[in-house]
Structure formats: structure tokens, C-alpha cells
Number of protein chains: 2
Amino acid sequence: MEIIATGSELLKGAVENTTTPFLVSQVMSWGYEIIRLNTVRDNLEEIKGAICDALTRAELIIVTGGLGPTPDDVTRDAIAESIQMPLEFRSEIWEEIQSFFKKRGRETPPSNINQAYLPYGALAVPNALGTAAGIIVTHNSKIIVALPGPPEELRQMFLNEVKPFLLRNFPPQITYLTRCFKVCGIGETVVLQRLKDVLAEARNTSAKFSYLPRGGEVHIVLQVAADEPQVFSELETKIRLALGEDLYGIDEETLPGKVGELLRSINFTLGVAESCTGGLILNYLTNIPGSSDYLRGGIVAYHNEIKERQLGVKPETLAEFSEVSSNTAMEMAAGVRRALGADIGLATTGFAGPAGGLPDAPVGTVYVGLSTPRETLFSKLFYPGLGRITIKSMAAKAALDLLRRYLIRLEG
Amino acid sequence: MEIIATGSELLKGAVENTTTPFLVSQVMSWGYEIIRLNTVRDNLEEIKGAICDALTRAELIIVTGGLGPTPDDVTRDAIAESIQMPLEFRSEIWEEIQSFFKKRGRETPPSNINQAYLPYGALAVPNALGTAAGIIVTHNSKIIVALPGPPEELRQMFLNEVKPFLLRNFPPQITYLTRCFKVCGIGETVVLQRLKDVLAEARNTSAKFSYLPRGGEVHIVLQVAADEPQVFSELETKIRLALGEDLYGIDEETLPGKVGELLRSINFTLGVAESCTGGLILNYLTNIPGSSDYLRGGIVAYHNEIKERQLGVKPETLAEFSEVSSNTAMEMAAGVRRALGADIGLATTGFAGPAGGLPDAPVGTVYVGLSTPRETLFSKLFYPGLGRITIKSMAAKAALDLLRRYLIRLEG
């Protein structure tokens, strides 16, 4: 499969292409193999060229964007020319466009009639949210799918209409069994060392390993040929053993989701106090549906006065050890636990830069505090030479992972 | 210019390609025009094919990834074959690789010798962070640049080495003057209406407009041919007038950055109370360097008990109007202002879903409260049919924009 994103705006850096990653993760999870991604300008010849090239390599081509009503929108023409078919006026589509505007009490702009012309013989993909119909055409037993650019329209059409069509008419040839193993808090080198024996054992099988560093996490992707399921399951067992408690989850599992599961299973509530991570831990946690079951809330204590007033950090602690110290982190954790009536308190304090820092705690230094009914602990992290946003996200992930490791031991 | 990202992992959805967007925004800002982006597998023929295709269209080609020491790393070979040059052993690079390992007290793995072979006549781009040298070759007065995949190595080499080389030897032909106008809280349709007269006036110029919806914001990009600078500046003035206070910023400016500027200029401090946005507003604000100057901190009040205890929301208010109501939002805003000793309190409360909601406040309902020394206000938002994470980010942006509009009036 190849994906061709059209749209000059995607080549200007002003707009992020979120659609291609969405399509990639979807079709991969259904078992299709992607061989190339392209982003091209809104230009008839260029889109046509990209489609014709893709037809020489792929069985299935998805084109996004360029289905609007303006003269810039040339995907319909590009497909028609690529498969050497004329455009055909489709009265049923034109009626739908008119009723779309009518329902909204607006006149149909004349230019929208362009959207009623599809390549001859095309299947129209209905669009519940807009006027741009999608297109499915077959050509020499290859399939070209075109969908409009607006992400909400595309997602809905892709999942509701295109997905069942593809799976029925063009089922993927599952060639690989795949599993993603996720760890946090250890680097790629440690992962490799941990997996040394597994890798040696896998040498004479079809197994392939990839290592993907992902902002404080490492994702290890195992791929085994689909006709070796027992190799796959044996390797999976061995990888799980080798990674032990460093493995926080697999495939779609996330670190905040895992922390939530653990809290739920032991019926503990959590309160979070954030200084340098500035709300990011709370944001990660609240991205998980149902997190209100175990998350009481949190306090972002940017100012020292807030650390004192809201979290009960002692002025002497701040004066003697500074705000970026193990003592402050532990007092913050204990303080937020008490203030919010939570079973567990998690806290961060550090210097995210670019300015600031102290001789003993330069920019990149972060302390994590953890307070539980039994004890209060800390962990020191150091991320030298990284930017503010990277430091925030590495520290937030590390804090969640520290909590996860603690909860596993509590549970175990 | 074309960019070719190599790496099978990029086509598996498991790893996000952050490098291409980085390169796009960099080279665009220097004035280069990008005509196509490609992502291809780690396969000699495919990379070679992509380079040869790109050579038919572009003057300048950047290839990322595939410069490691393993047999999968074939970018060096692909370039050599594309320009029909042999690979050449470069003893000075081999020495650098050996000294890289020596400094770290490790033996040089024999396979790293592959990294010392570059296409004949290539310029080597030094890599301070790793063993993969970059490559610059010229071919029929076109330029091919290859850089290693790891983002930190690539960034550093691209900015320190490749940038000066390109700007000196291959200066961009500036063909457009570009400005991005950013608004929040009004949709594309309203923007178009607001700009109707400007658009009509621009009809006979080279001006091009694009509208990019960006999670609750709309970015309006104006492009004018470089030889019409007076058209550009007249249009800019007219767009600014037409958008008025809806315009929060231009180009690289961000909404939380703008809020920070305004707070700083009137010497006000801010406290934030978040329920449904769960820390995201605080995260946005603390992404701005120096935000500790005006941000006192915040309270994420997920539980009603926290709303009462930490923010002083009255139990009667929660009982009578529910936690998702204008009254609760205003009491939260006033409460966080008081609790954190800030000049201004900003609060959100709502249902981000997927579960929950009340008959009067279904999922997608969000109230924003704003409390200042003079008054306490609220705003009601509704995002039906959207997912949890989208609702959080739309509401967080809307809350920041409400605050921005208030601050502008205070200042004005």
C-alpha cells in the first residue's frame, strides 16, 4: 500500500500532517503493508505523476486531500487521468450536496458542482460531515481510494466506509506476527544487553527486532513470519522474562494507562504535585478515560510560596536545600497526599531551563518524590543538554514509571 | 527541494517521523521551496529509485536515515549508485569512528568500518554525537545531502554544518513573502466572512491565502510574490484590521506565549484551576520559558471534594448546579485566585467523556471561569461529537484565548 497526501500547505511546515500517521497506524493494525508515503503539491501533473508511480509499486493507493470545490482541488482529475477514464457527472451526489446546504439553511455555492464529477465507474464514498464524496476506483486489479483532507471527515469515512470495503474486497496478506514491547527508564543499550540471549537464540529464525526510542521510552518491536507462530510465542515469553518489571506494557498500552490500572486494582487514589513538569503528568493521567476514578487531582506549585502554602513544604527545607532537592520533592509528595486526601502522592521539582539552575542542580536536574502510607522516597534524574519541552516530558514519564514500579511491588 | 526519509520503522506506525517536519519548517524559514516529501523502506532499490526520481524534479535532495553500520543501512550505496560513483574508503573518517569508541572506553565493532565508505568525491559532514558521518555530493549541479536518522544527531549536523553550506553554495530563491495570522475561538467560516473585502481586493494581485484549522485555532497564511512587497504590506495591514482582536499572533507566536506577554506587561500573576482539561492549560503555559515569572501555579481539581477543599467551591453550588456549571466554574476561578494569591484566576470544568455527562451538560460541555480583581465571569463552550483529547485541547485553548481577550481590554 502507498499513501499520497496532497496539499501544498503540508509542504510549507505550517500545518502538521496528522492524517498520514492515522492512516498508517490503522492499516498496519489491520495487517496491510505500507511501502511508501508521499506528500505532493496541489498540482494536477504532480498528483497524477505520484499516482502513476505508485501504481507501478503498490496494489492499493490512498490519496488524501484535493476533493474540495475550488480550482486547486484536482485529485478527481488526477485520478481520472491516471486511469485514463473521463469524469462523469453524478446527479445523486449533486443532490446530496444540495441537500447538505439546504439542511443548514444555506444556498449551494455554484462551484460545489465540481464535487459531483467522479472518474467514470468510481464508487462514491459518502461523507456525513461535508460535501466532498470520497472515491474508490479499481484499475488493472489495483485499487485507488481518495478521501477529503479535513481530518474529521477523513477519519469517519475511512473507518465507516473504506475499512469494511478494503477488508472484504482486498483482505491483507498477513505476513508478519507483530508485538511491541514498551519500557521506560532504561536506554537502548541496557535493553540490548537484557535481550542478548534472546537475540542470539532468534538468530536462525525469521524474527526481526526494531528498537524505537520514544521520548524517554524504548519500544521494542518483534516481527516473526506468520507461518512461525510457535517461534513468535516462545520469543514473546522470553522477551517478557528478560525485561521483567522494566516492561510496562505491550502494543496499545500506555504508561499512564498502566499506572491507572494498577491504582484501580489496589483501590488506591493518587494526588500529584508538579513543579518543573508544570501539569504534564496530570495531563497524561487525565488523557485516560475513567481516570477520575483514581486521580483526586493535583497541584502545580510553580512558585515556592505555593509549595509552602498548598503543599506544606517547610521554608527551612527550601532555604537549606533549595527548591530543587530530594527533601523538597519528598515534602511536596507528602504534602499533596495530605492536601488532596490521596493514598499516594507523586511530586516533581527541577530545572527545565533554558535559564536557571544552581551549581548543585544545573538545568536538566529533576527530583521525583513519592509518598505512600508506608514511606516517602525520592529519585534523582538528570537530562543534560536537552530542551525545556523534552526535559518536561522525560521527567513526567520517569515519574509515572517510578510510581508504576512501586505499585507493582505493592501489588506483588 | 525534496526530502526522502528512509526507514521501514517509519512505515509501521510504531515510530513518529519528527525529523521531516523539523527539516520542512527549517528550510521553509530559510526560503527554500519544498516540492515533495517521501518516506521509503530500508531497501537499496527503493531508496535509489526515490533519489533518481527526485533528481528529475528537484535541485536539492535531503535523505535521512540509513547511515548506520548494519547491512540494513544502505543509503551510502543508494547515493553512490544514483550518481554512478563507487564508494571510497576514507581513512580519516575511520580514524574518527575509532576515536569515538576509544573515548568511551569501548572496542570499535568491526561492522562500523562500513561507515567509513562514502560515495567518491563526497564531502563528509562531521557528527559530534555519533559515528555516522553525513554526506554531501553534487551531481549535474544538483545537491544530495544525507544525514543519519537519530533526531539529535541530525538536528545538530543540519543546523551546524549543512545550513551554512547550503546558504553559501545554494542560496534559496526567495519567491514569496509569507505571513501566518493566527486566531482562536472563531471558525473558518467566520474568518472568511471577516476577510471578504480583503480577499476581493487581493483578487488581482499575486496574493494566495490558505486556511489551516489547528485544534481550536485557525491559521491564515498569506503568500505574495517577492516582487510585490507593497501589496504584501498593504494586505497585512488590512488583514490585521479585519481580524481585530481575534488575531492573537503571527508566525511563530503561540497563544500561551501571548498570554504570558500580556500578563508580564501589566505585571499580573495567574493561577489556574482545571477540572476537565486536567493540567493541559498549565502544561501549555509552562512550555513557555520564563513562565514562572507570572504563573503562580495551579490546582487540578478532578474530584468534587478537591473543588471544595482546595478551591472553596460551596457544597450547595455543587449540589444545586452540579460540578459542570457556570457557578462552579466561577467559584473555582475565584477560589484558585485566592488560594494561590494570584491576580487572576482561570478555571475549567466540563465533561470530556467518553462516559459521563448530565442532561443539561452532555459530554463536550465545558465552562470556563475567569476571576480578576474587578469581576468574575464565565463562558460556556460545547464540543459535541469530539473525542476526549480533542475536547481537552479545544477547551484549554479557548480558556487561554478568553483570558487573552480579557487582558487586552485591561491593557487597552
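Here, the structure is the one placed above.
Thresholds, definitions, all that
Residues numbered from 1 in each chain as written. Chains lettered and ligands numbered in written order. Predicted model: local features only at pLDDT ≥ 70, side-chain atom pairs only at ≥ 80, totals over all residues. Heavy atoms only, no water. Helix = DSSP H or I, 4+ residues; strand = E, 2+ residues; numbered from the N terminus. Buried < 20%, exposed > 50% of the residue type's maximum accessible area, 1.4 Å probe, protein only. Contact = heavy atoms within 4.5 Å. Areas by Shrake-Rupley, 256 points an atom, 1.4 Å probe, with all protein chains shown as cover. Lys, Arg positive; Asp, Glu negative; His and termini not counted. Charge placed at Lys NZ, Arg CZ, Asp CG, Glu CD. Pairing = 2+ DSSP bridges. Axes fitted to C-alpha atoms, helices over the stretch in contact; angles between N-to-C directions. Parallel < 35°, antiparallel > 145°, perpendicular 65-115°, else oblique. Left-handed = near helix turned anticlockwise from the far one by under 90°. Polar contact = N/O pair within 3.5 Å; in protein donor to acceptor, adjacent residues only side chain to side chain. Buried area = accessible area lost by both parts, 1.4 Å probe. Salt bridge = Lys/Arg side-chain N within 4 Å of Asp/Glu carboxyl O. Nonpolar A, V, L, I, M, F, W, Y, C, P; charged D, E, K, R; others polar. Arc of directions from axis to C-beta. Expected span 1.5 Å × (residues − 1).

1. Notes on the overall build of chain A
Argument step 1. The helix and strand tally for chain A stands at 14 helices and 17 strands.
Argument step 2. Taking the principal axes of the C-alpha coordinates as reference, chain A spans close to 80 × 60 × 40 Å.
Argument step 3. By the burial criterion, 55% of the 412 residues in chain A qualify as buried.
Argument step 4. A separation threshold of at least 6 residues defines the contact pool for chain A, and within that pool the share at least 24 residues apart is 66%.
Argument step 5. Per element, the accessible surface of chain A, about 17,200 Å² overall, is 52% carbon and sulfur.
Argument step 6. Of the side-chain charges in chain A, 40 are positive and 48 negative, and the distance between the mean point of each set is 3 Å.

2. Details of the sheet that holds strand S10 (residues 208–214) of chain B
Residue and element names in this part refer to chain B.
Argument step 1. The strand order S10-S11-S9-S12 describes an open sheet built from four strands, whose pairing is antiparallel. Two strands in the sheet have a free side with no partner beyond their single neighbour: S10 and strand S12 (247–250). In this sheet, adjacent strand axes meet at a mean angle of 25 degrees when their direction is disregarded.
Argument step 2. With three bridges connecting them, strand S9 (residues 176–184) and S12 associate as antiparallel partners.

3. Brief notes about the sheet that holds strand S7 (residues 134–139) of chain B
Argument step 1. Pairing within the open sheet is mixed, and its 12 strands lie in the order S6(A)-S7(A)-S8(A)-S3(A)-S1(A)-S2(A)-S2(B)-S1(B)-S3(B)-S8(B)-S7(B)-S6(B). In this open sheet, the two edge strands, each paired with only one partner strand, are strand S6 (123–125) of chain A together with strand S6 (123–125) of chain B. For this sheet, the mean angle separating the axes of adjacent strands, direction not counted, is 15 degrees.
Argument step 2. With five bridges joining them, S7 of chain B and strand S8 (residues 142–147) of chain B adopt antiparallel strand pairing. In the sheet register, His139 of chain B faces S8 of chain B, and the bridge partner there is Lys142 of chain B.
Argument step 3. Helix H1 (residues 19–30) of chain B contacts strand S1 (2–6), strand S2 (36–40) and strand S3 (60–64) of chain B of the sheet and is inclined by roughly 165 degrees relative to S1 of chain B.

4. Section: the packing of H1 of chain B against helix H5 (residues 151–169) of chain B
Packed helices, taken two at a time, are described by their axes: the angle between them and the distance between them.
Residue and element names in this part refer to chain B.
Argument step 1. Contact geometry for H1 and H5: axes closest at 12 Å, N-to-C directions at 25 degrees. Viewed along their axes, H1 and H5 adopt a mutual orientation that is roughly parallel. Seen from above, H1 lies across H5 with right-handed handedness. Contact residues: H1 offers Thr19, Phe22, Leu23, Gln26, Val27 and Trp30, while H5 offers Pro151, Leu154, Arg155, Phe158, Leu159, Lys163 and Leu167.

5. Observations regarding the side chain of Thr349 of chain A
All names here are of chain A.
Argument step 1. Mapped onto the elements of the fold, Thr349 is located in strand S15 (residues 344–350).
Argument step 2. Using a relative accessible area of 0% as the deciding quantity, one classes Thr349 as buried.
Argument step 3. At 2.7 Å, the side chain of Thr349 and the backbone oxygen of Glu323 are in polar contact.
Argument step 4. Excluding anything up to four places from it in sequence, Thr349 contacts Ser275, Cys276, Lys307, Glu323, Val324, Ser325, Thr328, Ala329, Met332, Thr365, Val366 and Tyr367.

6. Side note on the environment of Ile299 of chain A
Residue and element names in this part refer to chain A.
Argument step 1. The topology assignment puts Ile299 in strand S14 (residues 295–301).
Argument step 2. Ile299 gets classed as buried once you look at its relative accessible area, which sits at 0%.
Argument step 3. Linking Ile299 and Ile391, residues 92 residues apart in sequence, is a C-alpha distance of 19 Å.

7. Side note on the interface of chain A and chain B
In many analyses, interface size is given as the accessible surface area lost on bringing the parts together.
Argument step 1. On the side of chain B, 63 residues touch chain A, which itself brings 63 residues to the contact.
Argument step 2. Here chain A and chain B share an interface that buries about 5,400 Å² over both sides, 49% of which is from carbon and sulfur atoms.
Argument step 3. Salt-bridge contacts for Glu305 of chain B lead to Arg296 of chain A; the nearest nitrogen and oxygen are separated by 3.0 Å.
Argument step 4. Here the element with the most residues in the side of chain A that touches chain B is S14 of chain A; it accounts for seven residues.
Argument step 5. Partitioned by chemical class, the residues of the side of chain A that touches chain B number 28 nonpolar, 18 polar and 17 charged.
Argument step 6. For S14 of chain A and strand S14 (residues 295–301) of chain B, the ladder comprises five bridges, and the chain directions are antiparallel. Opposite Val300 of chain A, over in S14 of chain B, you have Gly298 of chain B as the bridge partner.

8. Considerations on helix H11 (residues 304–311) of chain A
Along an α-helix, residues three or four positions apart point the same way, because every turn accommodates 3.6 residues.
Residues and elements named next belong to chain A.
Argument step 1. Within H11 the residues assigned to the buried category are Ile306, Lys307, Gln310 and Leu311. Mapping the buried residues of H11 onto a view down its axis gives an arc of 105 degrees, with all of them on the same face.
Argument step 2. One or two residues past the end of H11 sits Gly312, with phi positive at roughly 70 degrees.

9. Quick word on helix H4 (residues 91–103) of chain A
Residues and elements named next belong to chain A.
Argument step 1. Between its terminal C-alpha atoms H4 stretches 18 Å, which fits the 18 Å expected from 13 residues at 1.5 Å a residue.
Argument step 2. Listed in full, the buried residues belonging to H4 are Ile93, Trp94, Ile97, Phe100 and Phe101. Taken around the axis of H4, the buried residues stretch over an arc of 115 degrees, which confines them to a single face. Summarising the geometry of H4, the exposed residues directed more than 90 degrees from the buried face are Glu95, Lys102 and Lys103.
Argument step 3. Gly105, located one to two residues past H4, shows a positive phi value of around 65 degrees.

Spatial relationships are all this shows, so hold off on functional conclusions.
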